[in-house]
Amino acid sequence: MSSVSESLNVFGEYYNIINGERQRTTKTRNGIDPATGQSLPEVPVATENDVYNTVEAAKAAFKIWPLVSWADRRRAILAYLTEIEGLADDLARLLTLEQGKPLIFAKMEITSALDFSRVLAKMELEEETIYSDPDRKTVIRYTPLGVAVAIVPWNFPIQLALTKIVPALVTGNPIILKPSPFTPYCGLKIVELAQKFFPKGVLQFLSGDDNLGPWLTAHPDVAKISFTGSSFTGKKVMESASKTLKRVTLELGGNDPANIAAVAPKIVEFSFVNSGQVCVAIKRIYVHEDIYEPFLDAMVAYIKTLSIGDGLETGNFFGPVQNLQQFTHVKRFFADIENEKLTVAVGGKNEVRPGYFITPTIIDRPPDNSRIATMEPFGPIVPVMQWKDEEDVIARANSTSMGLGASVWSSSPENASRIARQLQAGSVWVNTHLQLNPSAPFGGHKESGIGHELGLGSLKSYCNIQSLFLIKNPI
Ligand code: NAD
């Protein structure tokens, strides 16, 4: 372990961060390294009283943080991001240990999180004068909401945390980060690192068990919940938030279709990256009947070149899935193979070995109403389906309650663009997938979410709008 790791206490003790202080809890729990099944260090289990204290500290911070100039808030955030960058190698290792993704992808997550965060930190919500004459002026301005809570899942713990933290802080809101109980370690360390850059209570961290999310969403003094996770939990969050009309941003699940020409390896990578545990990964693949067989063969051949193993060993493309619950969930799709008499193009059986490893699998032409074609496995198993008629394939692609991302792959840009414009999804790509831009809104249609992250709109989502009517002489 490097000296930097030691000073960060990466493998040492982990505390909650409340009001600028490291806080222990009486009860603790531990995460599991998904590659080995071994326990990771103990992490705190926050109590309801910790939630109370954290929200009180955030309320106190809300009295001062909005008064700090936008330029100074931005300066503090950029300095904080530089600090994280200096520790990127240690954090990447910690991310692989707790999340399972190969080290190269852990490093990519951190680089991308920092790049996106810098763009967001440099954005500004200017006041807009919509009317002005010598006697009166009407100005639209944005004011911070108050105490914000970021609830993140386990697939991209750093990227998803920072893309909530930065827009909240730059717009003047204190924010409390709640990680997934499966991946608390990196989140905890990035909030610990933040303390020297921000006044106490501005950025806090609570690790806990399954009670913690509901305590936070129910707290009457929390003004905003930014949630990323499953559609199932998102609905609960919205229900709880509605009691006090908290603002919510919900980034939920996806079941993304792709429609392909001759790009089998890319489709494989965009389907299987992070072992399929990407909200916006390709999860249903429709291939035109004229190229179906050779295309499927090319996908299978490419998958066979990708190795599976511990993320800390170099050269592996597939790490384990992140936790036992997810492992069990994904294995249920393997049970369907026999129960529903599905055809397997590659994979289909899991070796018994330590850790939560799943053999990458393609199901060849399952029925459109099968579980694998309608549900989000969130693991390395995808269905490939055949199509003939354009109208029909668009209808099939759209025939889901999800609408996060979709891609169309074709050598004809006109045809691809015509199809892309008819897909019901928040992000649609032609001849690529998963390419995000920090200035472009990212969010879901239908049950894939409410509101969006990234772009100027993500800053606005942490603000109230105020119309300010300035009149010189009383009227
Ligand atoms: P999840 O919904 O189980 O949990 C997400 C977070 O919510 C965790 O921190 C969890 O502790 C917390 N939580 C659980 N119950 C809660 C409650 N009642 N109130 C408040 N918080 C609660 O999701 P997961 O299994 O961690 O993540 C996988 C899901 O996330 C997939 O469906 C995936 O598609 C989705 N996802 C979406 C995006 C996106 O941007 N749209 C990005 C990544 C992942």
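In this text, all values refer to a predicted model and were calculated from it rather than measured experimentally.

By the definition in use, this model includes ten aromatic pairs. With a centroid separation of 5.5 Å and 80° between ring planes, the pair formed by Y80 and F198 is classed as edge-to-face. On the criterion of sequence distance, the pair formed by Y80 in helix α3 (residues 70-86) and F198 in the loop between α7 (185-194) and β9 (203-205) is long-range, its members being 118 residues apart. When sorted by exposure, Y80 lands in the same class as F198, which is buried. With 5.8 Å between their ring centres and 80° between their planes, F272 and F318 make a pair best called edge-to-face. Note that F272 is positioned in helix α10 (residues 264-272) and F318 in strand β15 (residues 316-318), a separation of 46 residues in sequence. The exposure class assigned to F318 is buried, which follows from its relative accessible area of 1%. Cluster of aromatic residues (ring-pair linked, three or more members): W65, Y80, F197 and F198. Above the face of the Y14 ring, K189 is positioned so that its terminal group lies 4.7 Å from the ring centre. Lying over the aromatic face of F357, R353 brings its terminal NZ or CZ to 4.3 Å of the ring centre.

What follows deals with the site of the ligand. Taken together, 29 residues lie near the ligand, and V152, S230, T233, L252 and E376 sit nearest. At 2.8 Å, a side-chain N or O of T233 approaches an oxygen atom of the ligand. In this structure, a nitrogen atom belonging to the ligand sits 2.6 Å away from a main-chain N or O atom of L252. For the ligand, whose accessible area on its own is 850 Å², the fraction buried by protein is 87%. Only α8 (212-218), β10 (222-228) and α9 (231-242) provide two or more residues apiece to the shell around the ligand. Of the residues that constitute the shell around the ligand, the class distribution is 15 nonpolar, ten polar and four charged. For the shell around the ligand, the two domains that each supply at least three residues are domain 1 (4-252 + 449-467) and domain 2 (256-437).

Rules used throughout
- Sequence order as written defines residue numbering, which begins from 1 separately in each chain.
- For a predicted model such as this one, the threshold for reporting local features is a pLDDT of at least 70, and the threshold for listing and counting side-chain atom pairs is 80 or more; totals across whole chains, interfaces and linings nevertheless cover every residue.
- Side-chain measures were taken over the full set of non-hydrogen atoms in the model, leaving aside hydrogen atoms and water.
- Paired rings are identified among Phe, Tyr and Trp, the last through its six-membered ring, by centres lying within 6.5 Å, and are further divided according to the angle between planes into stacked (under 30 degrees), edge-to-face (over 60) and tilted (the rest).
- Each helix corresponds to a stretch of at least 4 residues labelled H or I by DSSP, and each strand to a stretch of at least 2 residues labelled E; elements are numbered beginning at the N terminus.
- Each residue gets one of three labels from its accessible area relative to the maximum for its type: buried under 20%, exposed over 50%, partly exposed in between, using a 1.4 Å probe on protein chains only.
- Here, over-ring charges are defined by two tests on the NZ atom of lysine or the CZ atom of arginine: distance to the ring centre within 6 Å, and angle to the ring normal within 35 degrees.
- Residues are classed as near a molecule or strand on a simple rule: at least one heavy atom within 4 Å of it.
- Whenever two N or O atoms come within 3.5 Å, that pair is a polar contact, provided that in protein one can donate a hydrogen and the other can accept it, and provided that, for residues adjacent in sequence, both atoms are side-chain atoms.
- Surface exposure here means Shrake-Rupley accessible area, sampled with a 1.4 Å probe, where a residue is shielded only by the protein chains that are shown.
- Each residue is assigned to one class: nonpolar for Ala, Val, Leu, Ile, Met, Phe, Trp, Tyr, Cys and Pro, charged for Asp, Glu, Lys and Arg, and polar for all the others, Gly among them.
- Domain delimitation in this document rests on an assignment produced automatically or drawn from a domain database.

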